[in-house]
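Remarks on the overall topology
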Amino acid sequence: MAEHQIENLDAQLLKRKLRVTESPCDVTAYVGQRELKAFCSNDYLGLANHPDLINALTEGAMRYGVGSGASHLISGHSIAHELLEKKLAECERKHIPNARALFFSTGYLANVNAITGLARLAESSDVSIYSAKLNHASIIDGVRLASAQTKATVTLFDHQNLHSLLESLKQDTHSLKLIVVDGVFSMDGDLAPVKQLLELAEQYDALLMVDDAHGFGVLGEQGHGILEKCDVHSERIIYMGTLGKAAGVSGAFLCASTPFIEWLIQKGRPYIYSTATPPAIAHTLLHSIELIEGDEGKRRRQQLNQLIQIWQTEMSFSKWLKVESPTAIQPVILGSNANALAAAKLLDEAGYWIPAIRPPTVPVGSSRLRITFSANHSENDVRELIKTLKRIEQTVEREHQA
Ligand SMILES: Cc1ncc(COP(=O)(O)O)c(C=O)c1O
């Protein structure tokens, strides 16, 4: 049965393949003993292989060992976790009054924890969740689980046009309303209109949860993410930031006003029933946040923005659809699975690692190359990639027409 299903996937050009990297995460990758230039990781600041963080992890392991041994509420919550959570709460305190943070092993778990936990703040059936149509799979799964557990009403909305959201909110009589949105859309790179969403949340007494997986570390003067960039401030905000992307390590955090976090500690099943991340990781992350906030973080964000600008000006020749994205995520939409796979293969032959992204990660008919930049790329790296894409575009178009 499984074999048959996999054959079906293959026939639709939807089968995915694992590739094994033989080198640390960086802009140069060794895959199958070939050297490739990688434009596909989420290591936007180029910290995943940073010597200071490698040292911090070694020091953390010497100090705390390699495992936490239990969930946070049993005996796994170390001083390293506590210090990290205090630091992360400080990062968002200007935007969330009375902020407290909670550290998770992944963003996926943090999202599921927040959405299912918050949905339990009201009586069953008295919850309404509004989720942006292009939200990440972990939000979709969190919403599905919350809806199964609490019979919450779920409404999808278009994040670039808030009219339908407004109309639904006007008529909503549920006692708990939760709006959930990606801060930076993971496959498109565009930003959610957080300020307008917050205005709606305030007007209609809703909570606003922002998943800033791709914003924390890169957006805002200090890298504190989309709340800093949009200069918003409210105790209605539930913030999720990941720490395995721009922060270069692993994990995620929720940050919200203290009573919400206290509630999620009491009722968030993924938090309660899962072993705490090794404290050495939390220790490493403390150093990563220092780098992000300091001069080096600023320099790295400047470099990233410079690369984004080069891309935006020099890719204007392309007929392939590009989304207006101000971030390090720059999709090139080719439409069919066949075209996206053909482009990824030609790029691979030219020495680049940029996989084709296909449904269900993106909507049917919008298969794409998801190109991402890192502060470790040089301007020349980006210019060379653009030249290669120009050549490849002509080949793919020719073959498509033939
Ligand atoms: C928008 C968004 N949210 C959440 C996650 C999950 O984060 P993690 O990889 O830490 O599980 C991702 C991962 O790619 C993401 O893109």
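Residues numbered from 1 in each chain as written. Predicted model: local features only at pLDDT ≥ 70, side-chain atom pairs only at ≥ 80, totals over all residues. Heavy atoms only, no water.

**Notes on the domain arrangement of the protein**
Here the protein is described as being made up of domain 1 (21-49 + 295-401) and domain 2 (65-293). On a C-alpha basis, the centroid separation for the pair domain 1 and domain 2 is 28 Å. On the domain 2 side, the residues contacting the 25 residues of domain 1 number 24 residues. With both sides pooled, the region where domain 1 packs onto domain 2 buries about 1,800 Å², and carbon together with sulfur makes up 61% of that total. Interface area lost by domain 1 to domain 2 is led by Tyr44, Leu47 and Arg301, which between them contribute 28%. For the pair domain 1 and domain 2, the number of links is one salt bridge. Elements that contribute at least two residues to the side of domain 1 that touches domain 2 include exactly helix 13 (295-314), strand 11 (329-335) and strand 14 (367-372). (Domains from an automatic or database assignment. Contact = heavy atoms within 4.5 Å. Buried area = accessible area lost by both parts, 1.4 Å probe. Salt bridge = Lys/Arg side-chain N within 4 Å of Asp/Glu carboxyl O. Helix = DSSP H or I, 4+ residues; strand = E, 2+ residues; numbered from the N terminus.)

**Some remarks on the environment of isoleucine 179**
Relative to the assigned elements, isoleucine 179 resides in strand 6 (residues 176-182). Judged by its relative accessible area of 0%, isoleucine 179 is buried. Residues isoleucine 179 and leucine 156 lie 23 residues apart in sequence; the distance between their C-alpha atoms is 9.7 Å. Leave out the neighbours within four places in its chain, and isoleucine 179 touches Tyr130, Phe157, Leu165, Leu169, Leu197, Ala201, Ala206, Leu207, Leu208 and Met209. (Buried < 20%, exposed > 50% of the residue type's maximum accessible area, 1.4 Å probe, protein only.)

**Focus on the nonpolar core**
In terms of nonpolar packing, the biggest core is built from 83 residues, with Ile179, Leu369, Ile371 and Phe373 touching the most fellow members. With seven residues, the top contributor of residues to this core is helix 12 (residues 279-293). Viewed by domain, this core spans two of them, domain 1 (21-49 + 295-401) and domain 2 (65-293), each represented by three or more residues. Contact partners of phenylalanine 373, with chain neighbours within four places excluded, come to Phe39, Tyr44, Leu304, Leu307, Ile308, Trp311, Ala328, Gln330 and Val382. Judged by nonpolar contacts, the second largest core, of 29 residues, contains Ala119, Val143, Met240 and Ala256. (Core = buried A, V, L, I, M, F, W, Y, C linked by side-chain atoms within 4.5 Å.)

**Some remarks on the site of the ligand**
Of all residues adjacent to the ligand, which total 14 residues, the nearest are Gly107, Tyr108, Asp211, His214 and Lys245. Here an oxygen atom of the ligand sits 2.7 Å away from a polar atom, N or O, in the main chain of glycine 107. Burial of the ligand by the surrounding chains reaches 81%, relative to a free accessible area of 380 Å². At the level of secondary structure, the elements contributing two or more residues to the shell around the ligand comprise helix 5 (107-119) and strand 8 (237-242). The element that contributes the greatest number of residues to the shell around the ligand is helix 5, accounting for three residues. Looking at the shell around the ligand residue by residue, the class counts come to three nonpolar, eight polar and three charged. (Near = heavy atom within 4 Å. Polar contact = N/O pair within 3.5 Å; in protein donor to acceptor, adjacent residues only side chain to side chain. Areas by Shrake-Rupley, 256 points an atom, 1.4 Å probe, with all protein chains shown as cover. Nonpolar A, V, L, I, M, F, W, Y, C, P; charged D, E, K, R; others polar.)

**Here's the deal with the packing of aromatic side chains**
Enumeration over the complete set of coordinates arrives at six aromatic pairs. Each ring, one from phenylalanine 216 and one from phenylalanine 253, has its centre 5.1 Å from the other, and the planes form 75°; the classification is edge-to-face. On the criterion of sequence distance, the pair formed by phenylalanine 216 in the loop between strand 7 (207-211) and helix 9 (226-230) and phenylalanine 253 in strand 9 (residues 252-257) is long-range, its members being 37 residues apart. As far as burial versus exposure is concerned, phenylalanine 216 and phenylalanine 253 are alike and both buried. Each member of the aromatic cluster is reached from another via a ring pair, and the members are Phe39, Trp311, Tyr352 and Phe373. Between the NZ or CZ atom of lysine 390 and the centre of the ring of phenylalanine 317, over which it lies, the distance is 4.8 Å. (Phe/Tyr/Trp six-rings, centres within 6.5 Å; stacked < 30°, edge-to-face > 60°. Lys NZ or Arg CZ within 6 Å of the ring centre and 35° of its normal.)

**Some words on the environment of serine 164**
Among the secondary structure elements, serine 164 is positioned in helix 7 (residues 163-171). Sequence separation between serine 164 and serine 250 is 86 residues; the distance between their C-alpha atoms is 36 Å. Each residue touching serine 164, except ones within four places of it in the same chain, is listed here: Phe157 and Asp158.

**Some details on the sheet that holds strand 5 (residues 153-157)**
The strand order 3-9-8-7-6-4-5 describes an open sheet built from seven strands, whose pairing is mixed. Each edge of the open sheet carries a strand with a single partner, namely strand 3 (99-104) and strand 5. Within the sheet, the average angular offset between the axes of one strand and its neighbour, ignoring direction, is 20°. Pairing of strand 4 (residues 127-132) with strand 5 involves five bridges; the strand directions are parallel. Within strand 5, the position partnered with tyrosine 130 by the bridge is threonine 155. Packed onto the sheet, helix 4 (residues 79-92) meets strand 3, strand 8 and strand 9 and runs at close to 130° relative to strand 3. (Pairing = 2+ DSSP bridges. Axes fitted to C-alpha atoms, helices over the stretch in contact; angles between N-to-C directions.)

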